[in-house]
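Overview (structure and organization)
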Amino acid sequence: MTKYWPAELAVKALQEEGVEVMFGILGGHIQAIIDYSYRAGIKIIMTRHEQAAVHAADGYARIMRKPGVCFATGGPGMLNMITGIHMAYVSRTPMVFLFGGHKEKESHRGAVQEAYAADICKSITKWTVRVTEPEMASYFIRKAFKDAMTPPYGPVGIEFPVDTFNFEPIEASSQIAYLPGQWRETAPARQATDPAYAQRAVELLSKAKRPFIIAGEGVHWSNAASQLQALAEKLQIPFNIRRLGRGAIPEDHPLSISGGARKRVIEEADVVLLLGLNVGYLESFGEWKTNAQFIQLQSCADDVLPTLPTTLEIVADPGMVLEQMLAVSNVVDADNTGKDIWTGQVRDIQGKFLQRMTEEAVKVSQDAPIHPRWLSKVVSDIITPDMTLVFDSFTASTFLGEHLLAKQGAQVLDAGLSAAFGHGIGMAIGAKLARPNDRVLVMMGDAGVGLGGGDIETAVRYDIPVVYLVYNDSALAAGLEQYAYGENFRVLGSEAYKGFRLTQDVRYDQMFAPLGCHVEHVESPADIAPALERAFASGKTAVINLIATRHSQHPLYESATAREMFWHLPADEVEEPVRKRHHEYLYPKFHNGKKIGE
Ligand SMILES: Cc1ncc(C[n+]2csc(CCOP(=O)(O)OP(=O)(O)O)c2C)c(N)n1
Ligand SMILES: [Mg+2]
């Protein structure tokens, strides 16, 4: 019987799972898997920071609707991935991590790069195991790919100790769960619901006078846009789609509602279908002000919100259930009497929202340094269905997200609930590999360049023509000076400004030009669009250094969450309007309604 190195067999298993590309940084503890992957023809993207590798695989997975795969050497390699793994976990991205591991026989004896991935990744992966029998590697690989793609999707990790896993060749047939040539093709776990529930959902929505759909990433993962569009049109239901689902039905559709207009529509609605959306902080935990009754159609039981007044709960694949609903709606005569009043009312709300966005942008159209509202309008105006946007900069991405009308599913990739920054550089690399014909634009912050900029070299090295638009406001989060501290951050001491302001107007274009990037430097609003056009036309990895105001105020700053984070300084020491905005506003909330000084 021919014997194989365990890593070679592990790589065969990866190939059986359809792995075409993997991301990471080399290292002795994982090298066997990397080397056999090269020999098997799997594309390897070797990054500069392991965190970028994770974000790249995450971006790739979100677009391809299949697990992204990463490798890292033991200890520091694995540990450098943690922030990325967390982002994938909270964003529910299916991913498989292959970690090298110190020798089993050196555990607790001062081994080099000793660390225990299973302990470290416990709360940010679905599971992570240390494989101590080489015969079990293929079993765990198979299980990892299945579990990553079982709702709720998420990352899974496998650690391979270098001695037990890869010191001796083994017989292929000795493996558990893998015999060469016997692999089965497995469809992702998708299930429909009892047709009676699909019928009930259609009845409830047809009878509603003011129905509304709030949908999410489930529309993208189960590829359900056409079914959703057909149902919404048939029953005349306005909809708002969030996150990866954004743009799956182009947002200029007459029934589409922007995030910024949603609140008013929910308030008025009488029946709301919550569809494939993992509700949390970003949706105020579903504590919407409304008298509506809800129908919840979620891809896993975890996502069903027990706090909503719910008439019908369905846990199944959103796309398959929408198809069932469509079949019912095609035989039931939809009574759309009076719906035109509702849809007209909703279109009016949406129209006013868009008009306000444009008017506010126009007000700052001549500002230099550039204002994020105007930048958002210019970028929104060039968005086409063959474009992918990665949101990174804290301030500019939020403004853009509010303004844009998305035109394809998974058009916007972001950090989600992780709310980290610096992920855009890697995520865009993965996005461009997944969509080679798309124009990929990253809205970066200058903070993100500092955190992850080294991997712009990775994009150059692998000829990945992504455009990195650096929103250079010379600030770690714009506007904090006026928002929380007052002039020159004086309340924190004379040196404090150095912690909030970054070096003024750094020429990031000049920093990346020697790598071979196409570069642009933009100071005037009129130059934004031509610079973007030249950057895309260059066919190279491009960096646009755009000088922006550091005084813009992030829309989040008006929320109670933000105010609560910034009201801890003594009220008599902070200057106006900070004192009024934080202390006078929040004091009653925590003091039985009493005003400050009472
Ligand atoms: C990894 C991580 N560290 C710290 C924070 C806290 N934080 C929120 S926004 C921000 C600054 C981001 O800077 P930039 O992207 O340049 O934002 P902008 O100046 O455009 O507002 C920081 C440090 C975070 N969200 N993630
Ligand atoms: Mg900044």
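Summary of the structure given here. Since this is a predicted model, take the numbers as computed values, not measurements.

Comments concerning the overall build of the protein
- Within the protein, the regular secondary structure consists of 25 helices and 19 strands.
- A compact globule built from 598 residues should have a C-alpha radius of gyration of about 25 Å, and the protein, at 26 Å, falls within 12% of that.
- With the C-alpha coordinates aligned to their principal axes, the bounding extent of the protein is approximately 75 × 70 × 55 Å.
- Taking all contacts inside the protein whose residues are at least 6 apart in sequence as the whole, residues at least 24 apart take part in 74%.

Brief notes about helix 17 (residues 424-434)
- Where burial is concerned, most of helix 17 is hidden: 10 out of the 11 residues are buried.
- Those residues of helix 17 that sit buried are G424, I425, G426, M427, A428, I429, G430, A431, K432 and A434.

Quick notes on the site of ligand 1
- Around ligand 1 sit 15 residues, and of these T395, A419, D446, D473 and A478 come closest.
- The side chain of S393 places a nitrogen or oxygen atom 3.1 Å from an oxygen atom of ligand 1.
- Within the backbone of A475, a nitrogen or oxygen atom sits 2.9 Å from an oxygen atom of ligand 1.
- Relative to its unbound accessible surface of 600 Å², ligand 1 loses 72% to contact with the protein.
- Contributing elements (two or more residues each) for the shell around ligand 1: helix 16 (394-403) and helix 18 (446-452).
- When its residues are assigned to classes, the shell around ligand 1 shows 10 nonpolar, 3 polar and 2 charged.

Things to note about the packing of helix 12 (residues 259-268) against helix 14 (residues 339-363)
- Where helix 12 contacts helix 14, the two axes come as close as 9 Å, and the packing angle between them is 155°. What the angle tells us is that helix 12 and helix 14 run roughly antiparallel. Our pair here, helix 12 against helix 14, has a crossing hand that is right-handed. Counted together, G260, A261, R264, V265 and E268 of helix 12 and W342, Q345, V346, I349, Q350 and F353 of helix 14 form the full contact between these two elements.

Examining the sheet that holds strand 15 (residues 412-413)
- Pairing is parallel across the open sheet formed by 6 strands, whose spatial order is 15-14-16-17-19-18. Whereas interior strands pair on both sides, the edge strands pair on one side only; in this sheet they are strand 15 and strand 18 (518-522).
- Taken together, the 6 bridges between strand 17 (residues 467-472) and strand 19 (residues 542-547) define a ladder with parallel strand orientation. Across the sheet, residue V467 finds its bridge partner in strand 19, namely A542.

Remarks on the sheet that holds strand 10 (residues 239-241)
- Across the sheet, which stays open at both edges, the 5 strands sit in the order 10-9-11-12-13 with parallel pairing between neighbours. Edge positions in the sheet fall to strand 10 and strand 13 (310-315), since each has one partner strand and no second. Across the sheet, the mean angle separating the axes of adjacent strands is 10° when strand polarity is ignored.
- Of the strand pairs in this sheet, strand 9 (residues 211-215) and strand 11 (residues 271-275) are connected by 5 bridges, and their pairing is parallel. Within strand 11, the residue paired with I213 across the bridge is L273.
- Helix 12 contacts strand 9 and strand 10 of the sheet and is inclined by roughly 140° relative to strand 9.

A few points about the packing of aromatic side chains
- Tallying each qualifying case throughout the model produces 15 aromatic pairs.
- Centroid distance Y485 to F489: 5.7 Å. Interplanar angle 45°. Geometry classified as tilted. For the pair Y485 and F489, a shared accessibility class is recorded, and that class is buried.
- Members of the aromatic cluster, joined through ring pairs, are Y483, Y485, F489, F500, Y557 and F566.
- If you follow R563 out to its NZ or CZ, it ends over the ring of Y585, 3.6 Å from the centre.

Rules used throughout
- Residues numbered from 1 in each chain as written.
- Chains lettered and ligands numbered in written order.
- Predicted model: local features only at pLDDT ≥ 70, side-chain atom pairs only at ≥ 80, totals over all residues.
- Heavy atoms only, no water.
- Helix = DSSP H or I, 4+ residues; strand = E, 2+ residues; numbered from the N terminus.
- Rg over C-alpha atoms; globule rule 2.2 N^0.38 Å.
- Contact = heavy atoms within 4.5 Å.
- Buried < 20%, exposed > 50% of the residue type's maximum accessible area, 1.4 Å probe, protein only.
- Near = heavy atom within 4 Å.
- Polar contact = N/O pair within 3.5 Å; in protein donor to acceptor, adjacent residues only side chain to side chain.
- Areas by Shrake-Rupley, 256 points an atom, 1.4 Å probe, with all protein chains shown as cover.
- Nonpolar A, V, L, I, M, F, W, Y, C, P; charged D, E, K, R; others polar.
- Axes fitted to C-alpha atoms, helices over the stretch in contact; angles between N-to-C directions.
- Parallel < 35°, antiparallel > 145°, perpendicular 65-115°, else oblique.
- Left-handed = near helix turned anticlockwise from the far one by under 90°.
- Pairing = 2+ DSSP bridges.
- Phe/Tyr/Trp six-rings, centres within 6.5 Å; stacked < 30°, edge-to-face > 60°.
- Lys NZ or Arg CZ within 6 Å of the ring centre and 35° of its normal.

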